[in-house]
Amino acid sequence: MSAQTYQGGCQCGAVRYEVTTDLDRTFSCNCSRCGRLGTILSFTPKTNFSLLSGADSLTLYQFNTKIIQHQFCKVCGVESFASGQFKRGGGVEMVAVNARCLDGVEPDQLAPTKIDGRSF
C-alpha cells in the first residue's frame, strides 16, 4: 500500500478531516499518553492534512516538552490527531493521525511498529 487519501474524525462527528498518508507505516507508542489511549499513529507532513470541520470543537492538550499539540474534541473527548515537529519528522511540521479514527480502516489489519516513547 502506498499513500492514500482518507477521511476521519472524532466519535461524535464534530471534528472531520481529510489526510493523505501511508498506513503501511504506522506506529504504536508506549509513552504515558499513547499507551493509555491505545493509538495507532500514522505520520504525514502537515501539508497532507486538511481540517474539514470542527475547528471550534477542538481543544489543546500539551505535556512534557510541549512540542506536540494534542488536539481533541471537546464534545466527545476523542483525540483523532496531533501536530508538531515530531522527532520522526526531521524538523518538518507533521500531523500524527490516529488510524483508529479513519473511516473504513480496520485497525486489526495494520501492523504498527512499536516506538519506545517512555525513553524520550
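Preceding block: the structure.
Note that the coordinates shown come from a computational prediction; the quantities given were computed from them, not determined experimentally. Counting starts from 1 at the beginning of each chain's written sequence and moves along it residue by residue. Where local features are concerned, this predicted model is filtered to residues with pLDDT of at least 70; where side-chain atom pairs are given and counted, the filter is 80 or more; whole-chain, interface and lining totals use all residues. Based on all heavy atoms of the structure, the side-chain values leave hydrogens and waters out of the count.

## Some remarks on the overall build of the protein chain
Inclusion rule: Secondary structure counts use DSSP, requiring at least four H or I residues in a row for a helix and at least two E residues in a row for a strand, with both numbered from the N terminus. Two things to know: the radius of gyration comes from C-alpha atoms, and the globule rule equals 2.2 Å times the number of residues to the power 0.38. Should any heavy atoms of two residues lie within 4.5 Å, those residues are considered in contact. Using a 1.4 Å probe, the Shrake-Rupley method yields the accessible areas, and only the shown protein chains count as cover for residues. When charges are counted, Lys and Arg are positive and Asp and Glu negative, with His and the chain ends excluded. Lysine's charge is taken at NZ, arginine's at CZ, aspartate's at CG and glutamate's at CD.
Of the regular secondary structure elements, the protein chain holds one helix and ten strands. Start at the N end of the protein chain and walk to the C end: the helices and strands fall as β-β-β-α-β-β-β-β-β-β-β. The C-alpha atoms of the protein chain give 13 Å as radius of gyration, which agrees with the globular expectation for 120 residues (14 Å, within 12%). Over its C-alpha atoms, taken along the principal directions, the protein chain stretches across nearly 35 × 35 × 25 Å. Counting contacts in the protein chain only where the partners sit at least 6 residues apart, residues at least 24 apart contribute 51% of the total. Carbon and sulfur atoms form 47% of the exposed surface of the protein chain, whose accessible area is close to 6,700 Å². Treating the 12 positive side-chain charges of the protein chain as one cloud and the 10 negative ones as another, the clouds have centres 10 Å apart.

## Overview of the side chain of T44
Test applied: Polar contact is the term for a pair of N or O atoms within 3.5 Å; when the atoms are in protein, one must be able to donate a hydrogen and the other to accept it, and sequence-neighboring residues count only if both atoms are side-chain atoms.
One can find T44 in strand β4 (residues 41-45). One polar contact links the side chain of T44 to the main-chain carbonyl oxygen of T20, over a distance of 2.8 Å. Setting aside anything within four residues of it in sequence, one finds T44 in contact with V19, T20, T21, M94 and V95.

## Let's talk about the pairing of strand β2 (residues 16-21)
For clarity, the cut-off: Burial here depends on accessible area, computed with a 1.4 Å probe over protein chains only, as a share of the maximum for the residue type. Under 20% is buried, over 50% is exposed, and the range in between is partly exposed. When DSSP finds at least two bridges between two strands, those strands are taken to pair.
Residues Y17, V19 and T21 of β2 are buried on one face, while the alternating residues R16, E18 and T20, pointing to the opposite face, are not. Two strands pair when backbone bridges link them, and β2 and strand β5 (residues 49-53) are joined in this way by four bridges, in the antiparallel orientation. Note that in β5 the partner of Y17 across the bridge is L51.

## Observations concerning the nonpolar core
Soluble globular proteins: nonpolar side chains tend toward being buried together. Inclusion rule: In this text, buried Ala, Val, Leu, Ile, Met, Phe, Trp, Tyr and Cys residues form a nonpolar core when linked through side-chain atoms within 4.5 Å.
In terms of nonpolar packing, the biggest core is built from 18 residues, with Y17, F81, V97 and L102 touching the most fellow members. Of all the secondary-structure elements, those providing two or more residues to this core are β2 and β9 (94-98). Every residue in contact with V97, bar those within four places of it in the chain, is listed here: Y17, V19, I40, L41, S42, F49, S80, F81 and L102. Ranked by size, the runner-up nonpolar core spans nine residues in total, among them C31, L41, F43 and A96.

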